[in-house]
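# Architecture at a glance
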Amino acid sequence: MKLNKLNYEVGDIVKLKKPHPCGSFDWKILRVGMDFRLQCEGCEHQIMVSRKVIEKSTRKLIKSTCTKENSMI
Ligand SMILES: [Zn+2]
């Protein structure tokens with residue numbers, strides 16, 4: 001499966017392959033660019049991660065603009 005063509009946008013929820021220590025897999029995108037700013041949906045912790053790392057570790061991208069989950073997997 002190829003996930004690196006996903007269109008990441010502010011407000012989308014990224015489901016990662018590894019959970020945050022708080023147990024949540026879901027991160028809200030606060031900023032996109034060379035580096036992404038993500039906020040954990042579980043504990044609201046914020047991190048900066050490079051686009052490459054996000055693309056590698058994304059399990060699912062849930063668009064905020066659409067009620068359906070992205071089904072590219
Ligand atoms: Zn967390």
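Residues numbered from 1 in each chain as written. Predicted model: local features only at pLDDT ≥ 70, side-chain atom pairs only at ≥ 80, totals over all residues. Heavy atoms only, no water.

In this section: the sheet that holds strand S1 (residues 13–16). In space, the five strands of this open sheet follow the order S4-S3-S2-S1-S5, with antiparallel pairing throughout. Each having just a single partner strand, strand S4 (46–50) and strand S5 (58–62) make up the two edges of the open sheet. Averaged over all pairs of adjacent strands, the angle between strand axes in this sheet comes to 35°, irrespective of strand direction. Pairing analysis gives five bridges linking strand S3 (residues 35–40) to S4, with the strands arranged antiparallel. (Pairing = 2+ DSSP bridges. Helix = DSSP H or I, 4+ residues; strand = E, 2+ residues; numbered from the N terminus. Axes fitted to C-alpha atoms, helices over the stretch in contact; angles between N-to-C directions.)

Pairing between S1 and strand S2 (residues 26–31): three bridges, direction antiparallel. Note that in S2 the partner of Val14 across the bridge is Trp27.

Attention now goes to the coordination of the zinc ion. Donor atoms from the polypeptide that bind the zinc ion are His20 (ND1), Cys22 (SG), Cys40 (SG) and Cys43 (SG), placed at 2.0 to 2.4 Å. Expressed as a motif, the donor residue spacing for the zinc ion is H-x1-C-x17-C-x2-C. Placement of the pair is Cys22 in the loop between S1 and S2 and Cys40 in strand S3, with a sequence separation of 18 residues. Its relative accessible area of 1% is what places Cys40 among the buried residues. (Donors = N, O, S within 2.8 Å, 3.2 Å for Na, K, Ca; no water. Buried < 20%, exposed > 50% of the residue type's maximum accessible area, 1.4 Å probe, protein only.)

Moving on, we get to the pattern of salt bridges. Within the structure shown, the criterion is met by four salt bridges. We note a salt bridge from Lys63 to Glu9, for which the minimum N-O separation is 2.8 Å. Remark: Glu9 occurs in the segment before S1 and Lys63 occurs in the segment after S5; sequence separation between them is 54 residues. By relative accessible area, which is 14% here, Lys63 ends up buried. Note on Glu9: relative accessible area 34%, which makes it partly exposed. Salt-bridge contacts for Arg51 lead to Glu55; the nearest nitrogen and oxygen are separated by 3.8 Å. Note that Arg51 and Glu55 are positioned in helix H1 (residues 51–57) at a spacing of four residues, about one turn of the helix. Connected via shared salt-bridge partners are Glu9, Asp12 and Lys63. (Salt bridge = Lys/Arg side-chain N within 4 Å of Asp/Glu carboxyl O.)

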